[in-house]
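Structure assessment
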Amino acid sequence: MPLIIRSTAQQTPKHYGITSPISLVLPKELDLVLTQKLTEALKPFGVFEEELELQRRILVLGKLNTLVKEWIHEISESKNIPASLIENVGGKIFTFGSYRLGVHTKGADIDALCVAPRHVERSDFFTSFYDKLKEQEEVKDLRAVEEAFVPVIKLSFDGIEIDILFARLALQTIPENLDLRDDSLLKNLDIRCIRSLNGCRVTDEILHLVPNIENFRLTLRAIKLWAKRHNIYSNILGFLGGVSWAMLVARTCQLYPNAVASTLVHKFFLVFSKWEWPNPVLLKQPEDCNLNLPVWDPRVTPSDRYHLMPIITPAYPQQNSTYNVSVSTRNIMVEEFKQGLAITDEILQNKADWSKLFEAPNFFQKYKHYIVLLASAPTEKQHLEWVGLVESKIRILVGNLEKNEFITLAHVNPQSFPGPKEGIDKEEFSTMWVIGIDFKKMEGSEHLNVDLTFDIQSFTDTVYRQAITSKMFEPDMKITVMHVKRKQLHQLLPDLVIVKRRKHSTEGLRGMNDSSVDLSLDSDNSMSMPSPTSTSSSAAVKRFFIILFLVIAQGTTDNSASTPSSLGPPAGKRPGSTLQSEKEKKLKVEEVMPLWYPVPEELSSQVVCCCVADLFPSCFQKMASADLSDVPLLPANPIPVLKNSIKLRLSR
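Residues numbered from 1 in each chain as written. Predicted model: local features only at pLDDT ≥ 70, side-chain atom pairs only at ≥ 80, totals over all residues. Heavy atoms only, no water.

An unreviewed UniProt entry annotates the protein as polynucleotide adenylyltransferase originating from Astyanax mexicanus. Recorded under Sequence similarities (unreviewed entry), the UniProt text for the protein is reproduced unchanged: "Belongs to the poly(A) polymerase family." (UniProt positions renumbered as here; feature names shortened; annotations may be inferred.)

Okay, structure coming up:
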């Protein structure tokens with residue numbers, strides 16, 4: 001009897017995940033052949049690193065680990081730690097993210113964590129360790145971001161980009177065999193250390209929760225490549241980031257523990273094309289460690305109930321890694337899952353090759369209408385900061401657009417592009433994002449009037465407000481938003497981006513000078529109002545700017561910002577206060593001029609993105625000292641803000 005029990009126990013497979021597997025079927029010969037073909041199909045995309053490059057990464061991480069140990073040893077001596085402890089004080093570099101998962105691609109950066117004992121302070125990491133890194137010949141582009149949500153030191157070590165986080169544990173020494181999955185390590189830690197540890201803890205948990213690591217890795221490589229090719233790989237823009245894709249693949253592996261990669265890729269699309277969101281994806285049952293840390297729990301936290309596509313990290317404190325997902329981005333991803341399922345069905349039936357799965361759809365032919373977002377700054381350093389802030393807020397713009405009653409879908413392309421220059425003489429750095437828009441089909445209406453001004457303006461206001469609050473704003477940091485039709489995109493984007501072009505007029509977008517765009521030459525009447533000829537449109541633009549000029553000129557000579565009734569702000573606008581002193585005569589932060597003037601009818605299908613200060617700098621300087629009674633009081637450091645107005649009339 002004991003022998004029978006022992007034999008039965010040996011045959012019982014290990015249980016992975018919170019439910020039983022869907023299938024325990026073993027792979028067939030055809031599955032192995034298809035997996036080999038999948039591997040071959042992935043190679044041209046650079047998803048596998050050469051052995052020499054891999055060894056170089058290991059060498060660099062070894063050097064970094066040695067530096068950490070030396071630094072902690074020096075810090076310990078300076079703080080008079082007993083010699084007996086110093087010898088074994090330890091300290092270690094851990095990795096997480098794609099490198100730790102074993103799915104990093106050629107040239108990818110490495111996410112690392114420096115773990116130190118309790119007598120080493122975070123301030124030491126950002127001072128003495130930073131200085132030690134600066135002394136190393138191999139280290140370039142060293143920069144510390146101490147005030148970030150998760151503080152980090154960024155650097156290039158022998159040509160390999162590395163981001164290093166810091167965690168100080170409540171331990172006297174850091175042993176070499178330390179397992180960061182141990183929940184007791186989180187006791188008595190500050191929140192920044194807990195956040196820093198989270199990446200390693202989640203990555204390690206994922207690797208411990210899949211039945212076959214090699215099958216998981218190959219499947220994840222395929223899914224990540226597919227997601228990037230289909231423009232749905234970006235946590236910051238409301239799609240999924242690397243850890244979320246890893247958890248979806250891990251859950252698929254749990255449901256089909258014996259399957260190989262070719263089968264798992266197909267099952268991935270099968271499972272998540274039919275998944276009933278917002279039911280959460282969980283790799284393990286959440287545990288409560290009684291450390292009073294906030295965890296994802298819709299029963300307790302009301303805001304968690306509004307998450308649309310929850311994928312919950314397996315390490316305590318459990319969090320939803322997809323809180324940025326919106327209605328539009330979820331719909332886009334679910335549709336892509338369905339298309340992926342159809343393609344992998346064909347592949348398994350030998351009707352298509354794996355290359356079909358990785359064909360990039362033409363985003364720039366997919367929609368009839370696009371919103372183009374341009375972020376610009378006068379210097380490269382300012383541009384880098386500005387672009388980071390703007391990109392982190394684009395999901396707010398998408399959310400605003402999808403709430404518009406006339407819009408059914410807003411799809412932002414995660415890939416950004418260099419923006420056009422304002423002028424030859426003016427040095428400027430700019431980045432551009434493109435958002436595809438689906439407008440609602442209205443019955444019984446010949447024309448559809450859509451005003452996106454409020455949606456755009458609330459987004460730009462949010463960005464500027466954050467820039468001011470964080471004290472990163474500099475003059476000439478600008479956001480421009482414009483509506484562009486499909487056939488006009490090629491005039492803004494690089495030639496290589498838009499492969500397939502329709503026939504188009506040789507005229508079109510006249511340029512980006514003065515932050516205005518002439519979009520009148522569009523003869524597609526099914527998408528927009530009938531357009532005037534190029535001559536009349538150009539004249540309309542000139543007339544519009546002349547009107548603005550006259551208004552400004554009036555403001556500079558009349559000691560008043562009161563405007564003719566036909567050009568006044570819309571009814572219901574709160575009148576501004578009287579300015580009492582010279583200091584108060586500066587312009588309001590978000591209102592360089594009341595740019596609520598009606599757009600000429602000829603331009604109603606165009607974007608009007610104009611900054612008065614840029615168009616007429618001399619008048620603007622005079623105006624700053626005028627008595628502008630209609631302009632509300634403003635904080636110090638006035639900022640020239642672009643007022644973006646988009647009003648469309650779409651023909652059916």
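This part is about the overall build of the protein. Looking only at helices and strands, one finds 17 helices and 13 strands in the protein. Split into buried and exposed, the 652 residues of the protein put 52% on the buried side. Taking the intrachain contacts of the protein between residues at least 6 apart in sequence as the baseline, contacts between residues at least 24 apart amount to 75%. A total accessible area of about 31000 Å² is found for the protein, and carbon and sulfur atoms account for 53% of it. (Helix = DSSP H or I, 4+ residues; strand = E, 2+ residues; numbered from the N terminus. Buried < 20%, exposed > 50% of the residue type's maximum accessible area, 1.4 Å probe, protein only. Contact = heavy atoms within 4.5 Å. Areas by Shrake-Rupley, 256 points an atom, 1.4 Å probe, with all protein chains shown as cover.)

The element strand β9 (residues 429–439) is largely enclosed, with a buried count of nine among its eleven residues. By the bridge criterion, nine bridges tie strand β6 (residues 369–377) to β9 in an arrangement that is antiparallel. Its bridge partner being in β9, L374 is matched across the sheet by M432. Summarising the sheet, strand β7 (residues 407–412) and β9 pair through five bridges and their orientation is antiparallel. By the bridge assignment for β9, A410 is matched with I437. Direction of pairing for strand β8 (residues 417–418) relative to β9: antiparallel, over a ladder of two bridges. For P418, the partnering residue across the bridge sits in β9 and is T431. (Pairing = 2+ DSSP bridges.)

On to the pattern of salt bridges, then. Here the structure, examined in full by the defined rule, presents 21 salt bridges. With a shortest N-O distance of 3.5 Å, K63 and E138 are connected by a salt bridge. In this pair, K63 is assigned in helix α3 (residues 51–78) and E138 in the loop between α6 (122–134) and β3 (139–145), connecting sequence segments 75 residues apart. The class of K63 is partly exposed, set by a relative accessible area of 33%. On the basis of relative accessibility, which here comes to 26%, the residue E138 falls in the partly exposed class. (Salt bridge = Lys/Arg side-chain N within 4 Å of Asp/Glu carboxyl O.)

The next subject is the nonpolar core. Ranked by size, the top nonpolar core spans 107 residues in total, and within it F216, W226, W245, L248, F337, F358 and W386 carry the most contacts. Leave out the neighbours within four places in its chain, and F216 touches L101, I206, L207, V210, A246, V249, A250 and C253. (Core = buried A, V, L, I, M, F, W, Y, C linked by side-chain atoms within 4.5 Å.)

This next bit is on the sheet that holds strand β4 (residues 152–157). Strand pairs in the sheet, formed through backbone hydrogen bonds, run parallel or antiparallel to each other. Spatially, β1-β2-β5-β4-β3 is the arrangement adopted by the five strands of the open sheet, whose pairing is mixed. Sheet topology places β1 (92–96) and β3 at the edges, where each strand pairs with a single neighbour. Put simply, the sheet's adjacent strands are angled 25° from each other on average, direction ignored. Where β4 and strand β5 (residues 160–168) come together, five bridges link them in antiparallel fashion. The residue of β5 that forms the bridge with K154 is D163. Across the sheet, α6 is in contact with β2 (110–116), β3, β4 and β5; its angle to β3 comes to roughly 165°. The sheet strands contacting helix α7 (residues 191–208) are β1, β2 and β5, and the helix crosses β5 at an angle near 120°. (Axes fitted to C-alpha atoms, helices over the stretch in contact; angles between N-to-C directions.)

Contact geometry of helix α8 (residues 213–229) with helix α9 (residues 242–255) gives a least axis separation of 10 Å together with a crossing angle of 135°. By the angle between their axes, α8 is oblique relative to α9. For the pair α8 and α9, the crossing hand works out as right-handed. Along the contact surface, α8 presents F216, T219, L220, I223, K224, W226 and A227, while α9 presents W245, A246, V249, A250 and C253. Counted by class, the contact of α8 with α9 contains ten nonpolar, one polar and one charged residues. (Parallel < 35°, antiparallel > 145°, perpendicular 65-115°, else oblique. Left-handed = near helix turned anticlockwise from the far one by under 90°. Nonpolar A, V, L, I, M, F, W, Y, C, P; charged D, E, K, R; others polar.)

The next point concerns unusual backbone geometry. One can expect most non-glycine residues to show negative phi and most peptide bonds to be in trans. Geometrically, the link from W277 to P278 is a cis peptide bond, its omega value of 10° lying close to zero. By the secondary structure assignment, P278 is in the loop between α10 (261–273) and α11 (327–348). Between Y316 and P317 the backbone carries a cis peptide bond, its omega angle lying at -5°. Note that P317 resides in the loop between α10 and α11. A positive phi angle, near 60°, is found at K471, a position not held by glycine. Residue placement: K471 occurs in the loop between α14 (453–469) and β11 (478–485).

Further remarks concern the side chain of R57. Here R57 shows up in helix α3. On the basis of relative accessible area, R57 is assigned to the buried category, the value being 1%.

This part takes up the packing of aromatic side chains. Counted under the stated rule, the structure contains 27 aromatic pairs. Measuring from centroid to centroid gives 6.5 Å for W71 and F166, while their planes differ by 70°, and the two rings are edge-to-face. Linking W71 in helix α3 with F166 in strand β5, this pair joins segments that are 95 residues apart in sequence. Each member of the pair W71 and F166 is classed as buried. On the basis of an interplanar angle of 85° and a centroid distance of 5.3 Å, the ring pair of F268 and F269 is categorised as edge-to-face. Among the aromatic residues, ring-to-ring pairing joins W226, W245, F268, F269, F272, W275, W277 and F337 into one connected group. Seen from the ring of Y233, K228 lies directly overhead, with NZ or CZ sitting 4.8 Å from the centre. (Phe/Tyr/Trp six-rings, centres within 6.5 Å; stacked < 30°, edge-to-face > 60°. Lys NZ or Arg CZ within 6 Å of the ring centre and 35° of its normal.)

Within the secondary structure, H119 is located in the loop between β2 and α6. Assessed through its relative accessible area of 15%, H119 is described here as buried. In this structure the C-alpha to C-alpha distance between H119 and T173, which are 54 residues apart in sequence, comes to 9.4 Å. What H119 contacts, discounting residues up to four positions off in sequence, is S76, K79, I81, V89, D124 and Q172.

Further remarks concern the side chain of H307. Of note, H307 is situated in the loop between α10 and α11. A distance of 3.2 Å separates polar atoms of two side chains, one belonging to H307 and the other to W296. (Polar contact = N/O pair within 3.5 Å; in protein donor to acceptor, adjacent residues only side chain to side chain.)

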